[in-house]
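Fold and contact review
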Amino acid sequence: MECWEDLSVTFCHDAVQQVQIRIIDTNNHRPQFSKLRYDVSVPEDTPANTEVLQISAVDEDEKNKLTFTLLSSTDPFSLRKFRLDPGTGVLYTAEGLDHETMRQHTLTVMLFLCLNVCIHNSYDQVRDQDIPVKRNLVRVIINVVDTNDNAPWFVDSPYSGRVFESAAIGSAVLQVTALDKDQGHNAEIVYSIESGNVANTFAVDSVLGTIIVAKELDRSKKDQFELIVKASDKGTSPLSTTATVLILVTVSDNAAPKFTEKEFSAEVSESAHPGSFVCLVTASSQSSLFYQIKAGNINNAFDINPNSGVVVIQKGLDYETTPDYKLIIQATNMAGLASNTTVLVHLKDENDNAPVFLQREFTGMISESASVNSVVLTFESTPLVIRASDADGDHNSMLVYQIVEPFALNYFAVDSSTGAIRTITTLDYEQRKVFRFTVQVHDLGRPRLFSEAAANVTVNVINVNDCPPLFSQEVYEASVLVPTYKAVEVVKVNATDADSNAKFLFSISEGNIGDKFKMDPSNGVISIQNVTQLRSRYELKVRVSDGRFANTATVKITVKENGEHRLKFTRDSYKASVQENSLERKTLAVIAAVGNQVNEPLFYTILNPDKRFQISHTSGVLSTTGIPFDREEQSTFDIVVKVTRQDQPDDVVHVLVAITVEDENDNTPMFVNLPYHALIQMDADEGHVIRQVTAVDKDMANDSEGPRIVYTISEGDAFKQFSVDFNTGVLHVIQPLDFETHPAYRLSVRATDSLTGAHSEVFVDIILEDINDNAPEFLSKSYYANISEASMIGSSVLQVVAKDSDTGNNREITYQLVEEQGKSSDYFTIDRTTGIIKTAQMLDHEETPNLKLTVRAIDGGIPALSRDVTVSIDVIDLNDNAPIFTKTLYEVTVNELAPRGHFITQVQASDADSSDSEKLSFSIVSGNEDQSFAMDKNTGAIIISNHRRPHMLPLYNLTMSVSDGVFRSTAYVKVTVIGANFHNPTFPQVDYVVELMENSPVGTLVMEAKATDDDEGIYGEITYHIVNEFARDKFSVNENGEIVTLESLDRENNIEKVIPISLIAQDGGGKVGFCVINVILTDVNDNAPQFRAAEYKATIASDVPRGTSVARIAASDMDEGSNADIYYAIEADIESVEENFEIHPSTGVIVTKESLIGLEDELYAFFVRAKDAGNIPKQSVIQVYIRIVSPEVPVPKFVEPHYRFTISEDVLIGTEIDVIQAESEQPVSYILVRGNTPESNRDEVFVVDRDSGALKLEKALDHEATKWYQLTLLAQSKHENREVVASVSINIQVKDLNDNKPVFESDPYEAVIVENLPAGTSVIQVRATDLDSGTNGQVVYSLDPNQTYQEIAELFAISGETGWLTTLKELDREKISKYTIGVLATDRGDKVQHVTDAKVVVTVADVNDNPPRFTAEIYKGTVSEDDPPPSGVIAILSTTDADSEEINRQVNYFIT
């Protein structure tokens, strides 16, 4: 202590002088601590250089400097853990503490009182140089408080265990155990299941670590679980660790067998041999199984291996007998427990049956007038159809008919499917009357089978009048000699007709002026009709008709006078007679002519021939032929005989022979003018003439014999009320008449030949006249008839009959058709007398299926009375119309997942023939070769067949046929198969590595990541999406999987060096495939080398040997490869630089080249160029200063050639890293060189105390940004005002801490999954990255326990390791269409775990899994019977469909 006092001294001479007296304190007091003992608690995680305790003391002596030092400790280990500031007494931690190693540190602190300079050595001892030092001691006890710095660890990891499938809920599976080196709460452990607990099947006891069964187990869904169990302590900042637990679900010994499938199915050919494999049924059980067929094994057709479960054929199969089997298979284990399953066996039809004709002979007929394509009919007027049957089914039973004979193919065709025979050309009865040919049939199976024998077909052609008659000549010429006589034959015309049995009708149509000629209508003979006033020439037009066709010819007749001829008859005329009824051949006359030469023959001819006469051609003898004559028919004959000379045929003369038939009484009297009716008044007087009956006798009368005929009443006049005149036949009333007694009389009047007694009788109806008061009455109230539409015109339909109660004319009935609006009467005529109705036109059932006529019966009264009756006529349909489909093209879609029997569509057809509307048969003709479809032949419904393949074609073009048994029509069904989404899009690789040159322009193609999908249609159409947001900002992908850049990329940017692209390929049904494309940017030499310092300075003694290192020039290049290879070179303007120094081109070390003696105090300033090795090299230069000093000049020297430190990235700003000092005789100042890169302290993260060399942290560290620092520290001093420099390298490694959270590559994720997919289907893979290193950067995934839907944990699971989100159950879009799932990413930091959450939005894609349903069970509508079609809306049908997508809600309606 020093004290100063001011004194005033007075002198005599009044002078005053101030005197200062300094009192020097002596060190006579011991310093005193503020406490007798210091106790402090320090957490074990306190970092180094943290202040622990402030030790304070006082000393009564003034000006004394107190110095603190650590004297000792109970354990030398403690002295390394702490340091004490000698000036302030602040106790700091020197190293990290560990409660588990040493829980308490006891230190002894000594306090010095220094009056002079105290020099501290490195052991914190105080040394007093001159003056005795006062000391004091104090004990410092430091308690290391336990912190949670130790994570739990599992005793035995990994774990594995087994559990029975039948284990009850709560059953223990295994126990996990973890320990913790900490104490108290920090060592208390809580167990939890981190991931892998699909559907929360298991639970863990949080205290004991026992894993128990939480839900019923099902091996068929999941037989193995890989749980991640977490053990966490209860520290303030809990630490945790995880272990893997593998649990296998096994079958219990006492569990019933469990089949792998609820239902098995198989398809086997009916021709498969016994012993052929059918299918394999498998079940699981802890013991061996015994298989047997319990039911459905019809005729023991199948057998099963009791040990293996292989089902085989035991007996021959027959599709035609049993097309499918439903076997019940039972599996029994050794415990006697059994389970059943079903095996559906569908037989595949083989073509093992040949077609068989229903009959061997088929006969038909067709008119030769039938048009082309007319159907041949049977004799029953039904179409002729060749029919065969085939016992096979489906395609194998479809038959094809063929005409065998080539000649028949020119006339007929057979419908290949129906067997109906039709014409293909016109037929001609006159050419061929009967066709005989054969028809063969084969099926469409493989191989094709033909019938054993062909069917014989006979077709009779029916003749019709289809040919016109033809005259033998177009012009006939004849001559007539006059005088001539009636019936003289002029000429005979002849005609022919190609039709057989044609009957001709000849007539004169024109030119017969005065009717001079007549023509026999049957034989064509033209003869003289009238001989008076004949003209000289006649030109007749004669006509011949066969009843349908007619033809004409010309007959030219010349009339000639019979002039002077040499020939003369011996008589001018001849007469003869012949007895009536004589059969004798009698010579009537000998016709003789003169004027011919001797022995010149003459030829005699009858010009008007008659079959009863003949003349000798040469002798002229005219005689009868023995045919009897009937005088009453013809009494005289004029025969004209012509005679001609042989050599002069024009010399002609003729003579008349008159022949009389002599009568014979051979005829009885014959009444004429029949019938005889009479109406008389019932009050007629006696003598009243009723009427006259007349009889004639054809025999010749003889006046001398008196009346030949006499009349008498033979019967009917019982009361003698009538009389008849004996000679005249007049009837009279001779007695009164009584209408009430006899309203009518029938008298029998006899006429008697008085000569022979021959007689005839006739009835005379006498009706007493009545009043017409009764209308006719039909015998039936209505009439019904049917007639085939094939009936010809004039065919009789039926006869209506009416009666009238009146008498006389009043009861005479005539019939007529009443004209009506429907014109039905136009189709028919009625005989007015008989009432027979006949067809007047051809009928058509399709036009008029039924007709109604009104027939009126009218009596003969005045006025007439009538009655009407209705006649209903049904026109019987003939199969003359082909069926017609309602559409020519049906277009339908079907899902490939549609089950067997699924209804696809229904084709509909109609037939104008009503009789065939219920006979239509539908079939699939082509397009169904794989038998994917089946068709109901009666309804036209098309369904998925039992033989459908698992994968159907994308498109089927089916040809449909409908037949009415005769005619056939076709239509087409286009079936578009909406490919079921069987397959996920698949990339060829899961991971790709592709290189991309940095700085590539926007739009550069990176690669084509093409996924494939074996599905067809929309389910095979793939779209691509980039999942991770970072890559989505850098790249885009098109529909072809081509990935292109969206921006120019820089490899030197750390986050762009390797860019992972998470690519998802999604098909049209929502199924996805994933791949990761790691895009590695390849380097472009776009960066120049960067020096680590702004300049380099060095000082070197002149006596150093040649080759001594002066300085190391360091540069770095952010490029890579050869672009980052740096080569150094010195560039100087003066030659002395390169004479004395050189630089290693690769290392950058500058060394002396020559001795530097004599160059003292020289300063060399030059440049060093750093150039990379790129194709187009880039370079940089830097200034270098080298000062040469004499050997005696002290140059600072660092103790170490370089320094290396490791510090945590969470070191506090201001923390002193170390004190780095250089040895120097001169004061030294320290400078930290500021480089050009982050690693070289460009950002001044570190600073150095200029005086002390203390290296401190100036800015926060980040391991993820910079992991290493390479610093250059300069120590500068001055010698004779010249700067002397030394440098040293400092490497600082930044140690990683868990200071980064995981970051999901996308948030939210969007995924699509198709409903109804099985459990275990992958949904999407989530990925998170953590910038930390080691375990701090490892990420574990889990579901967020707090979900928007509680059932999410039941529906979804996530892999803790891979991040794959999968389903636990089938999803149903109709229940929930979208899920938002929370997922967590947790890192595996040792002390602290960071958690990040993200959302996965899962959209459930719709599948057409709900059928439409009618909103009502019964719909009612009304329609009037007179509404014309279409009648409008009858009823409106509505349906609902639980599916959500519009395409799945479209409904087609069918009337079945």
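We now turn to the structure provided with this report. (Residues numbered from 1 in each chain as written. Predicted model: local features only at pLDDT ≥ 70, side-chain atom pairs only at ≥ 80, totals over all residues. Heavy atoms only, no water.)

Remarks on the overall build of the chain
What counts here: Segments assigned H or I by DSSP are reported as helices when at least four residues long, segments assigned E as strands when at least two residues long, and all are numbered from the N terminus. Atoms counted for the radius of gyration: C-alpha only. Globule rule: 2.2 Å times the number of residues to the power 0.38. Relative accessible area decides the class of each residue, using a 1.4 Å probe on protein chains only: under 20% of the type maximum gives buried, over 50% gives exposed, and in between gives partly exposed.
The helix and strand tally for the chain stands at 4 helices and 120 strands. Relative to its length of 1456 residues, the chain is extended, with a C-alpha radius of gyration of 69 Å against a globular reference of 35 Å. Its C-alpha atoms give the chain principal-axis dimensions of roughly 250 × 85 × 85 Å. Counting the 1456 residues in the chain, one finds 44% classified as buried.

What about the side chain of Ser1277?
As a reminder, the rule being used: Any two residues whose heavy atoms approach within 4.5 Å at even a single point are treated as in contact.
Relative to the assigned elements, Ser1277 resides in strand S108 (residues 1268–1279). Once residues lying within four places of it in the same chain are set aside, the contact partners of Ser1277 are Pro1194, Pro1196, Ser1224, Gln1226, Pro1227, Val1228, Arg1282, Glu1283 and Val1284.

So, the environment of His1263
Stated formally: Polar contacts, as used here, are pairs of N or O atoms within 3.5 Å; protein pairs need one atom able to donate a hydrogen and one able to accept it. Residues neighboring in sequence count only if both atoms are side-chain atoms.
Within the secondary structure layout, His1263 lies in the loop between strand S107 (1254–1257) and S108. Residue His1263 is classed as buried on the basis of its relative accessible area of 7%. Remark: the alpha-carbon pair of His1263 and Glu1209, spanning 54 residues in sequence, is separated by 5.8 Å. When sequence neighbours within four positions are dropped, the list of residues in contact with His1263 reads Glu1209, Val1294, Lys1295, Asp1296 and Ser1333. A polar side-chain atom of His1263 sits 2.8 Å from the main-chain carbonyl oxygen of Val1294.

Describing the side chain of Asn148
Along the chain, the position of Asn148 falls in the loop between strand S13 (134–145) and strand S14 (153–154). For Asn148, the side chain forms a polar contact with the side chain of Asp233, separated by 2.6 Å. With near-sequence residues (within four places) excluded, Asn148 lies in contact with Asp180, Asp182, Asn186, Asp233, Gly235, Ser237, Pro238 and Leu239.

A word on a negative patch on the surface
Using the following cut-off: The patches described consist of residues with a relative accessible area above 30% and no salt bridge, like charges being joined within 9 Å and nonpolar side chains (Val, Leu, Ile, Met, Phe, Trp, Tyr) within 5 Å. What sets the accessible areas is the Shrake-Rupley method with a 1.4 Å probe; for residues, cover comes only from the shown protein chains. What makes a salt bridge here is a side-chain nitrogen of Lys or Arg within 4 Å of a carboxyl oxygen of Asp or Glu, nothing more. We count Lys and Arg on the positive side and Asp and Glu on the negative side, and we leave His and both chain ends out. The location of each charge is read from NZ of Lys, CZ of Arg, CG of Asp or CD of Glu.
Taken together, the side chains of Glu1135, Glu1138, Glu1139, Glu1142 and Glu1154 present a region of like negative charge at the surface. Looking at the negative patch element by element, the count peaks at 3 residues for helix H3 (residues 1135–1140). As for its position among the elements, Glu1135 is in helix H3. On the basis of relative accessible area, Glu1135 is assigned to the exposed category, the value being 65%.

Examining a nonpolar patch on the surface
Judged by side-chain polarity, Trp153, Val155 and Leu179 come together as a nonpolar surface patch covering roughly 270 Å² of accessible area. For Val155, the position within the fold is in the loop between S14 and strand S15 (159–164).

Examining the pattern of salt bridges
Under the counting rule described, the total for this entry stands at 28 salt bridges. Between Arg968 and Asp415 there is a salt bridge, with the nearest N and O atoms lying 3.2 Å from each other. Pair noted here: Arg968 is in strand S84 (residues 968–978) and Asp415 is in the loop between strand S36 (412–414) and strand S37 (421–423), with a separation of 553 residues, a long-range link. The class of Arg968 is partly exposed, set by a relative accessible area of 29%. Salt-bridge contacts for Glu1131 lead to Arg1169; the nearest nitrogen and oxygen are separated by 2.0 Å.

Here's the deal with the sheet that holds strand S82 (residues 941–944)
What counts here: Two strands are counted as paired when DSSP detects at least two bridges linking them. Axis angles are defined between N-to-C directions and span 0 to 180 degrees, where every axis is a line fitted to C-alpha atoms and, for a helix, only to the segment in contact.
The sheet built from 3 strands is open, its strands ordered S78-S82-S81 with antiparallel pairing. Here the strands that pair on one side only, and so sit at the sheet edges, are strand S78 (903–906) and strand S81 (933–935). With strand direction ignored, the average angle separating the axes of adjacent strands in the sheet is 25°.

Considerations on the sheet that holds strand S85 (residues 991–997)
The strand order across the open sheet built from 4 strands is S85-S91-S90-S87, with neighbouring strands paired in mixed fashion. Where the open sheet ends on each side, the last strands, each with one partner, are S85 and strand S87 (1022–1026). Mean inter-strand twist for the sheet, computed between neighbouring axes without regard to direction, equals 30°. Pairing between S87 and strand S90 (residues 1058–1067): 5 bridges, direction antiparallel. Among the inter-strand pairings, Ile1026 is bridged to a residue of S90, identified as Leu1063.

Notes on the environment of Thr976
In this structure, Thr976 sits in strand S84. Note: C-alpha distance between Thr976 and Val892 (84 residues apart in sequence) is 6.2 Å. In contact with Thr976, not counting residues within four places along its chain, are Val892, Thr893, Val894, Pro954 and Leu955.

Some words on the environment of Val312
Mapped onto the fold, Val312 is located in strand S29 (residues 310–313). Expressed as a C-alpha distance, the spacing of Val312 and Ile1182, which sit 870 residues apart in the sequence, is 91 Å. Once residues lying within four places of it in the same chain are set aside, the contact partners of Val312 are Gly275, Ser276, Phe277, Val278, Ala301, Phe302 and Asp303.

Notes on the pairing of strand S75 (residues 866–876)
Two strands pair when backbone bridges link them, and strand S68 (residues 782–788) and S75 are joined in this way by 7 bridges, in the parallel orientation. Note on S75: the bridge partner recorded for Ala785 is Ile873. Sheet topology places strand S74 (residues 850–859) next to S75; 9 bridges connect them, and they run antiparallel. Looking across to S75, one finds that Arg856 is bridged to Asp868.

Observations concerning the pairing of S107
The pairing of strand S103 (residues 1216–1219) with S107 spans 3 bridges and is antiparallel. Following the sheet pairing, Asp1218 is matched in S107 by Leu1255. The antiparallel pairing of strand S106 (residues 1246–1248) with S107 creates a hairpin that spans 5 residues between the two strands, and Gly1253 there sits at a positive phi of about 80°.

With respect to unusual backbone geometry
Residue Pro483 is reached from Val482 by a cis peptide bond, and omega for that bond is 5°. Following the sequence through the fold, Pro483 ends up in the loop between strand S41 (475–482) and strand S42 (489–492). Cis geometry is adopted by the peptide bond preceding Pro1308, which originates at Asp1307 and carries an omega value of 5°.

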